[in-house]
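Inside the fold
What follows is the residue order along each chain.
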Amino acid sequence: MNDATQLPETLDILVIGAGFSGLCAGIKLLEKGITGFRIVEKSHGIGGTWYENTYPGAACDVPSHFYCFSFNPNPRWSRLYSPQAEIKDYIESCVDKYQLAPYIVRGAKVIELRLDEERGMWRASFEDGRRVLARHVINGCGGLHLPSIPDFNGRQTFAGVSMHSPQWDHSVDMSGKTIAVIGSAASAIQAIPELAKVAARVVVFQRTPNYIVPRNDRPYTEREKRRFARWPWFARLYRWFIRMRMELLLFPIIKRNSWRGRTAARKVLRHMRDAVRDPALHDKLTPDYAMGCKRILLSDDFFDALNRDNVSLVTAGIDRIEPDGILTRDGELHQADVIVYATGFDIDTHIRSIRIIGEHGVTLDEAWGEGANAYNGACLAGFPNYYMVTGPNTGVGTTSVVYMIEQEIGYIMTLIDAAGADRLIAVKRTAQDAYNREVDAGLRETVWLSGCKSWYISANGRISTLYPKSGLAFGRQLARVRYEDFHINERRKTKAAA
């Protein structure tokens, strides 16, 4: 793979990010015979989310056979739900199989994209001072790596070791330590059982309880792996079964006032009460909001960890961080050697992390003054030949993000074809606004806006992360390009979006 000094000065297509999105784009570009592109990656490794997140217990919440490219199945997945290292290995194997290595530039962080309206090209500026011109830009940056850490009073005074889950410090020996874990959501419930095996004590600080569903994970047998390898049709059928099961079981739960959601919630809470031995914890672990309003979590061992003598749950709010631990609002000081912040990711800051200037000098921050939005999650009025893979309102909890990525990349490839060798394509403002009115109307019918406070909802009350329909609906939506919703102009004739 290349380093940043080997970037060509001019590209047909600049792809940002070397995770699933960027690599899918690269594979599809090579299939089309396009070689004038580079995939630039700010880190020094491949895999995006699965390169960054190496905390103990890190794994996927989507079944393995559906968390991979449909065109490159892996018959040798070890488990129903893949651990982090195995997903990273799969991604790296895609680089080898599709001979992407010569097109990947690592250690190349884009800090600005500016439309050169005279040339009709994008000028990318990198942190190291390099600049590149590109006809098209595909932004394939994922969102699960930029930490979100609450600004607790006294946080900088802590005398022990502290780390955020995606910035795990493997040089720290957790054996025999007292570990405070702030947070009890997705990454926390994966890390806590592993930490409890080696720590003297683990203290879990929970702000809000979650609905936690049994994962029912297990290893695949060697016989199953042989079947998947010998009969590709069987693997495809199995993948289809997983996909439809997720759609049919999970999608109805996200609808507001869903009877299926209420039924599922009762089953999940019954499981929690059966699994957690201490009745005093039951009320603390019972959410006061509808199931699905916050992310539904999967775990087979979190409740078992809470049953351990060396694990305790604290629900009193945090007042401040002291040099030797965490002081809660009830006046109790919880001593700790290590603080792990399992407090999620800063999605909004991440999506704006690159300064982007489009037509007439309008910045992305200005265009998104009232919140992030896009057309089909990919296109922005006033930003021609610029595409996002997992842009606003593309998140769904009822399917695989890799499936969503494949739909978006196919859509983007069609738009690039429409632009041809010398044109600019940009969605019309009227079309983008109409699309987002439709999205907002759909979101109002979901459980996500049923009253709970979640990271889904921005400061202005809008959800800019989630898609209100099913994954199947998203695929059908992107299968047809509505060219009437776009301006397609010759270069040097860039006009403002209508």
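Since we're looking at a predicted model, the values are computed, not measured.

On to the overall build of the chain. Along its length, the chain carries 13 helices and 20 strands. The globule rule puts the C-alpha radius of gyration for 498 residues at 23 Å, and the 23 Å found for the chain is close to it. Along the first, second and third principal axes, the C-alpha set of the chain runs to 70 × 55 × 45 Å. Per-residue burial over the chain gives 54% buried out of 498 residues. For the chain, long-range pairs separated by at least 24 residues make up 72% of all intrachain contacts whose partners lie at least 6 apart in sequence.

A separate point is helix α3 (residues 84–97). An ideal rise of 1.5 Å per residue puts 20 Å on 14 residues; α3 measures up with 20 Å between its terminal C-alpha atoms. For α3, the full list of buried residues reads Gln84, Glu86, Ile87, Tyr90, Ile91, Cys94 and Val95. Of the surrounding elements, those touching the buried residues of α3 are α1 (20–31), α2 (49–52) and β3 (104–106).

At their nearest, the axes of α1 and helix α11 (residues 401–419) sit 10 Å apart, and the two run at 40° to each other. Here α11 runs oblique to α1, going by the angle between their axes. For the crossing formed where α1 meets α11, the hand is right-handed. Listed contacts from α11 to Phe20, Ser21, Cys24, Ala25, Lys28 and Leu29 of α1 are Val402, Ile405, Glu406, Ile409 and Met413. Tallied by class, residues from the contact of α1 with α11 come to eight nonpolar, one polar and two charged.

Tallying each qualifying case throughout the model produces 22 salt bridges. The partner of Arg135 in a salt bridge is Asp12, with the nearest N and O atoms 4.0 Å apart. With Arg135 in strand β6 (residues 131–139) and Asp12 in strand β1 (residues 10–16), this pair connects stretches of sequence that are 123 residues apart. Classification of Arg135 as buried rests on a relative accessible area of 12%. For Asp12, a relative accessible area of 32% puts it in the partly exposed group. Between Glu194 and Lys197 there is a salt bridge, with its nearest N and O atoms 3.3 Å apart. One salt-bridge network, in which partners are shared between bridges, spans Asp61, Arg215 and Arg295.

Here we take up the packing of helix α5 (residues 222–230) against helix α6 (residues 232–250). For any two helices packed against each other, one specifies the crossing angle of their axes together with the interaxial distance. Running from amino to carboxyl end, α5 crosses α6 at an angle of 105°, the nearest separation of the two axes being 5 Å. When the interaxial angle is binned, α5 and α6 end up roughly perpendicular. For the pair α5 and α6, the contacting residues are Arg227, Phe228, Ala229 and Arg230 in the first and Pro232, Phe234, Ala235 and Tyr238 in the second. Across the contact of α5 with α6, the residue classes tally to six nonpolar, no polar and two charged.

Within the secondary structure, Thr10 sits in strand β1. C-alpha separation for the pair Thr10 and Ala336, spaced 326 residues apart in sequence, amounts to 53 Å. Residues within four places of Thr10 in sequence aside, it is in contact with Met121 and Leu133.

A few words now on the nonpolar core. In this structure, Phe20 and Ile138 are the most contacted members of the largest nonpolar core, which totals 120 residues. Residue contributions to this core peak at 12 residues, all from α11. Excluding anything up to four places from it in sequence, Ile138 contacts Ile13, Leu14, Val15, Ile16, Ala25, Tyr387, Val389, Ile412, Met413 and Ile416. If you look at the next biggest cluster of nonpolar residues, it comprises 26 residues, including Leu11, Leu113, Leu115 and Trp368.

For the rest of this paragraph, the subject is the sheet that holds strand β15 (residues 333–335). With antiparallel pairing, the three strands of this open sheet are ordered in space as β13-β14-β15. In the strand order of this sheet, the two ends are held by β13 (318–322) and β15, each with one partner. Geometrically, the sheet is characterised by an average inter-axis angle of 25° between neighbouring strands, direction not taken into account. For β13 and strand β14 (residues 325–328), the ladder comprises four bridges, and the chain directions are antiparallel. Its bridge partner lying in β14, Ile318 is registered against Thr328.

Attention now moves to a positive patch on the surface. A cluster of basic residues, Arg262, Arg266, Lys267, Arg270 and Arg273, forms a positive patch at the surface. Take Arg262: it is sitting in helix α7 (residues 259–275). Take Arg262: its relative accessible area is 45%, and that puts it in the partly exposed class.

Here we come to the side chain of His334. Along the chain, His334 turns up in strand β15. There is a polar contact of 3.3 Å between the side chain of His334 and the side chain of Thr328. If sequence neighbours within four positions are ignored, His334 has contacts with Val203, Phe205, Val314, Asp324, Gly325, Ile326 and Thr328.

This paragraph deals with the pairing of strand β5 (residues 121–126). Along β5, five of the six residues are buried, which leaves the element largely enclosed by surrounding structure. Across six bridges, the pairing between strand β4 (residues 110–116) and β5 is antiparallel. By the bridge assignment for β5, Asp116 is matched with Met121. A loop of four residues connects β4 with β5, the two strands running antiparallel in sequence, and Gly120 in this loop sits at a positive phi of about 70°. The pairing of β5 with β6 spans four bridges and is antiparallel. In the strand pairing of β6, Arg123 is matched with Leu133. Hairpin remark: β5 followed by β6, antiparallel, with four residues in the connecting loop; positive phi at Gly129, about 100°.

Confidence in the prediction for the chain averages 93 pLDDT; 96% of positions are at 70 or higher. This stretch, residues 493–498, has a pLDDT under 50; its non-local contacts, to residues over four places away or in other chains, come to 20 contacts.

Analysis parameters
- Residues numbered from 1 in each chain as written.
- Predicted model: local features only at pLDDT ≥ 70, side-chain atom pairs only at ≥ 80, totals over all residues.
- Heavy atoms only, no water.
- Helix = DSSP H or I, 4+ residues; strand = E, 2+ residues; numbered from the N terminus.
- Rg over C-alpha atoms; globule rule 2.2 N^0.38 Å.
- Buried < 20%, exposed > 50% of the residue type's maximum accessible area, 1.4 Å probe, protein only.
- Contact = heavy atoms within 4.5 Å.
- Expected span 1.5 Å × (residues − 1).
- Axes fitted to C-alpha atoms, helices over the stretch in contact; angles between N-to-C directions.
- Parallel < 35°, antiparallel > 145°, perpendicular 65-115°, else oblique.
- Left-handed = near helix turned anticlockwise from the far one by under 90°.
- Nonpolar A, V, L, I, M, F, W, Y, C, P; charged D, E, K, R; others polar.
- Salt bridge = Lys/Arg side-chain N within 4 Å of Asp/Glu carboxyl O.
- Core = buried A, V, L, I, M, F, W, Y, C linked by side-chain atoms within 4.5 Å.
- Pairing = 2+ DSSP bridges.
- Patch = residues over 30% accessible without salt bridge, like charges linked within 9 Å, V, L, I, M, F, W, Y side chains within 5 Å.
- Areas by Shrake-Rupley, 256 points an atom, 1.4 Å probe, with all protein chains shown as cover.
- Lys, Arg positive; Asp, Glu negative; His and termini not counted.
- Charge placed at Lys NZ, Arg CZ, Asp CG, Glu CD.
- Polar contact = N/O pair within 3.5 Å; in protein donor to acceptor, adjacent residues only side chain to side chain.
- pLDDT = per-residue confidence, 0-100.

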